[in-house]
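One-letter residues, chain by chain:
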There are 2 protein chains.
Amino acid sequence: MLTIRAATESDIPLILDFIRALAEYEREPQAAVATAEDLRRDGFASNPKFRCVIAEWEGRPAGFAFYFYNYSTWQGRPGLYLEDLFVKPEFRGKGIGKALLLYLAKTAVAEGCGRFQWQVLDWNTSAIDFYKSLGAKTLNEWLTMRVEGEALERMAAMAK
Amino acid sequence: MLTIRAATESDIPLILDFIRALAEYEREPQAAVATAEDLRRDGFASNPKFRCVIAEWEGRPAGFAFYFYNYSTWQGRPGLYLEDLFVKPEFRGKGIGKALLLYLAKTAVAEGCGRFQWQVLDWNTSAIDFYKSLGAKTLNEWLTMRVEGEALERMAAMAK
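The structure displayed is predicted, hence computed values, not measured ones.

Right, let's talk about the overall build of chain A for a bit. Counting its secondary structure elements, chain A contains five helices and seven strands. When the helices and strands of chain A are read in sequence order from the N terminus, they spell out β-α-α-β-β-β-α-β-α-β-β-α. Relative to the 2.2 N^0.38 estimate, which gives 15 Å for 160 residues, the radius of gyration of chain A is 17 Å and therefore close to what a compact globule would have. With respect to the three principal axes, the spread of C-alpha positions in chain A is 60 × 35 × 35 Å. The buried share of chain A, taken over its 160 residues, is 51%. In chain A, 20 side chains carry a positive charge and 21 a negative one; their mean positions are 6 Å apart.

Next up, the structure:
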């Protein structure tokens, strides 16, 4: 039996476990440096910077989705952006990932968002096919650019 | 002489002009349906969903940058996400686009953001080379997925 619910502050250790498990899966465990205090400050105080939902299978935490809002200048409304989706290996094959995606689509519509968006690794064709079966399209032409760390510091120092 | 300043509510007509000019440039003018009321409600009331800065050349509006915040579950902090950057054709070649990017990099660092990110069309190699010269990297493996319109309604209706 599956239930999906909004995360609360008491779920922070669980959320960190999911974040770290996903970083392990992506083979960058050392990159997940977020702390409980980071998540408390940014997600469970006033003006939260993200939202999180927990999936439970027969009362046991099985997966999570971590999201926030972007904004479409064309539509003049926010969109829902899914940053992380993870289901523990022992709970896979039960439709929990799909249920989380549908839950977020419903949330997006209920909140007046014009779009629901996320990113996927381009070699993960089985995931891409699955997302397409749910109605998603790939934005093939758009390439993401990122500046971080020392490069960001250097760029900031160049500003007048 | 170039100045960059935060947009205020009285800039809404100007921001709409920039948004529509960018949509024209991308050959989708009909897609930019955002209204002044949309931008007022979402950007200039409490808890703004986006930020906007205006570049002025000798006191005349020359360009803009439109951004909001995403969130890194690995870093445990927000990032600055640039949605739109536009310089009017008659003001190009003066370094205004670069000045806007540097201004946002400085803003990102000042606000404790761990990353500064945006997207570019993959065939726009001159823009990509320029961004790389500023320290940006391309996230080549990441593909963006999107659900919107009727597909989003259908997906939402499938949720339990």
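With that out of the way, let us pick up the pattern of salt bridges. A side chain of one charge can pair with a side chain of the opposite charge if their charged atoms are brought near each other. Scanning all chains against the criterion turns up twelve salt bridges over all chains. Salt-bridge contacts for Arg40(A) lead to Glu37(A); the nearest nitrogen and oxygen are separated by 3.2 Å. Remark: Glu37(A) and Arg40(A) occur in helix H2 (residues 36-43); sequence separation between them is three residues, near one turn of the helix. Notably, a salt bridge pairs Asp38(B) with Arg41(B), separated by 3.2 Å at the nearest N-O pair. With a gap of three residues between them, Asp38(B) and Arg41(B) both fall in helix H2 (residues 36-43), about one helical turn apart. With relative accessibility at 14%, the residue Asp38(B) sits in the buried group.

This part covers the sheet that holds strand E1 (residues 2-6) of chain B. Spatially, the seven strands line up as an open sheet ordered E1(B)-E2(B)-E3(B)-E4(B)-E5(B)-E7(A)-E6(B), and their pairing is mixed. Both outer strands of the open sheet, E1 and strand E6 (137-139) of chain B, are each paired with one neighbouring strand and no more. When strand polarity is set aside, the average angle formed by the axes of neighbouring strands in this sheet is 30°. When strand E7 (residues 142-148) of chain A meets strand E5 (residues 115-121) of chain B, the two strands line up antiparallel, connected through seven bridges. Looking at E5(B), one finds that Trp142(A) is bridged to Leu121(B). Each of E7 of chain A together with strand E4 (77-87), E5 and E6 of chain B touches helix H4 (residues 125-133) of chain B; the most contacted strand, E5(B), lies at about 165° to it.

Okay, the interface of chain A and chain B next. Listed by partner, the interface residues are 73 residues for chain A and 73 residues for chain B. Buried area between chain A and chain B, both sides added, is near 6900 Å², and the carbon and sulfur share of it is 62%. Our enumeration of links across chain A and chain B arrives at two salt bridges. We note a salt bridge from Arg115(A) to Glu148(B), for which the minimum N-O separation is 3.0 Å. Run the count over chain A and chain B and you get 34 residue pairs in polar contact (both at pLDDT 80 or more). Classifying every residue of the side of chain A that touches chain B gives 40 nonpolar, 13 polar and 20 charged.

Here the focus is the relation of the copies chain A and chain B. Aligned on chain B, chain A shows an RMSD of 0.0 Å; the corresponding rotation is 180° and the shift along the axis is 0.0 Å. Look at the turn and shift together and you get a two-fold axis relating the two.

Let us now look at the pairing of strand E2 (residues 51-57) of chain B. Residue and element names in this part refer to chain B. Counting buried positions along E2 yields six of seven residues, so the element is predominantly enclosed. Two strands pair when backbone bridges link them, and E1 and E2 are joined in this way by five bridges, in the antiparallel orientation. Within E2, the position partnered with Arg5 by the bridge is Ile54. Both E2 and strand E3 (residues 60-72) contribute to a ladder of seven bridges, which runs antiparallel. What sits directly across from Glu56, in E3, is Pro61. The turn linking E2 back onto E3 is made up of two residues, and Glu58 within it adopts a positive phi angle of 50°.

The strand order across the open sheet formed by seven strands is E1(A)-E2(A)-E3(A)-E4(A)-E5(A)-E7(B)-E6(A), and the pairing between neighbours is mixed. Each edge of the open sheet carries a strand with a single partner, namely strand E1 (2-6) and strand E6 (137-139) of chain A. Ignoring strand direction, the axes of neighbouring strands in this sheet form an average angle of 30°. In the packing of helix H3 (residues 96-110) of chain A onto the sheet, contacts are made with E1, strand E2 (51-57), strand E3 (60-72), strand E4 (77-87) and strand E5 (115-121) of chain A, and the angle to E4(A) comes to roughly 165°. Its contacts with the sheet place helix H5 (residues 149-157) of chain B against E5 of chain A together with strand E7 (142-148) of chain B, and it is angled at close to 80° to E7(B).

This paragraph deals with the packing of helix H1 (residues 12-25) of chain B against H2(B). All names here are of chain B. It is at 10 Å that the axes of H1 and H2 come closest, and there the two elements cross at 110°. Considering the angle they form, H1 stands roughly perpendicular to H2. As for the relative orientation of H1 and H2, their crossing is right-handed in sense. Residue-level inspection shows Ile12, Ile15, Leu16 and Ile19 of H1 in contact with H2, the latter providing Ala36, Leu39 and Arg40. A class-by-class count of the residues in the contact of H1 with H2 yields six nonpolar, no polar and one charged.

Cut-offs applied
- Residue indices follow the written sequence of each chain, beginning from 1 at its first position.
- Both sets of labels track the order of writing: A upward for chains, 1 upward for ligands.
- Where totals are concerned, whole chains, interfaces and linings use all residues; where local detail is concerned, this predicted model gives features only for residues with pLDDT of at least 70, and gives and counts side-chain atom pairs only at 80 or more.
- Calculation of side-chain values draws on the structure's entire complement of heavy atoms; hydrogens and water are dropped beforehand.
- Secondary structure is summarised from DSSP: a helix means a run of H or I of at least four residues, a strand means a run of E of at least two, and numbering begins at the N terminus for each.
- Throughout, the radius of gyration refers to the C-alpha atoms, and the reference size of a globule is 2.2 Å times the residue count to the power 0.38.
- The cut-offs for exposure are 20% and 50% of the maximum accessible area for each residue type, with area from a 1.4 Å probe on protein chains only; residues under the lower value are buried, those over the upper are exposed, and the others partly exposed.
- Charge convention: Lys and Arg are scored as positive, Asp and Glu as negative, and His as well as the terminal groups of each chain are ignored.
- To locate a charge, take atom NZ for lysine, CZ for arginine, CG for aspartate or CD for glutamate.
- For salt bridges, the criterion is a side-chain nitrogen of Lys or Arg within 4 Å of an Asp or Glu carboxyl oxygen.
- Note on pairing: DSSP must find at least two bridges between two strands before they are called paired.
- Axis geometry follows a simple rule: fit a line to the C-alpha atoms, using only the stretch in contact for helices, then measure angles between N-to-C directions, giving values from 0 to 180 degrees.
- Every residue pair with non-hydrogen atoms within 4.5 Å of one another is taken to be in contact.
- The term buried area denotes the loss of accessible surface (1.4 Å probe radius) that occurs when two parts are joined, taken as the sum for both partners.
- Side-chain atoms alone can form a polar contact between residues adjacent in sequence; in general such a contact is a pair of N or O atoms within 3.5 Å, and within protein one must be able to donate a hydrogen while the other accepts it.
- Residues were grouped as follows: Ala, Val, Leu, Ile, Met, Phe, Trp, Tyr, Cys and Pro as nonpolar; Asp, Glu, Lys and Arg as charged; and all remaining residues, including Gly, as polar.
- Least squares is the method for superposing the copies, and the C-alpha atoms it fits come from residues with pLDDT of at least 70 in both.
- Oblique is the label for every angle not falling under 35 degrees (roughly parallel), over 145 degrees (roughly antiparallel), or within 65 to 115 degrees (roughly perpendicular).
- A clockwise turn of the near helix away from the far one marks a right-handed crossing, whereas an anticlockwise turn of less than a right angle marks a left-handed crossing.

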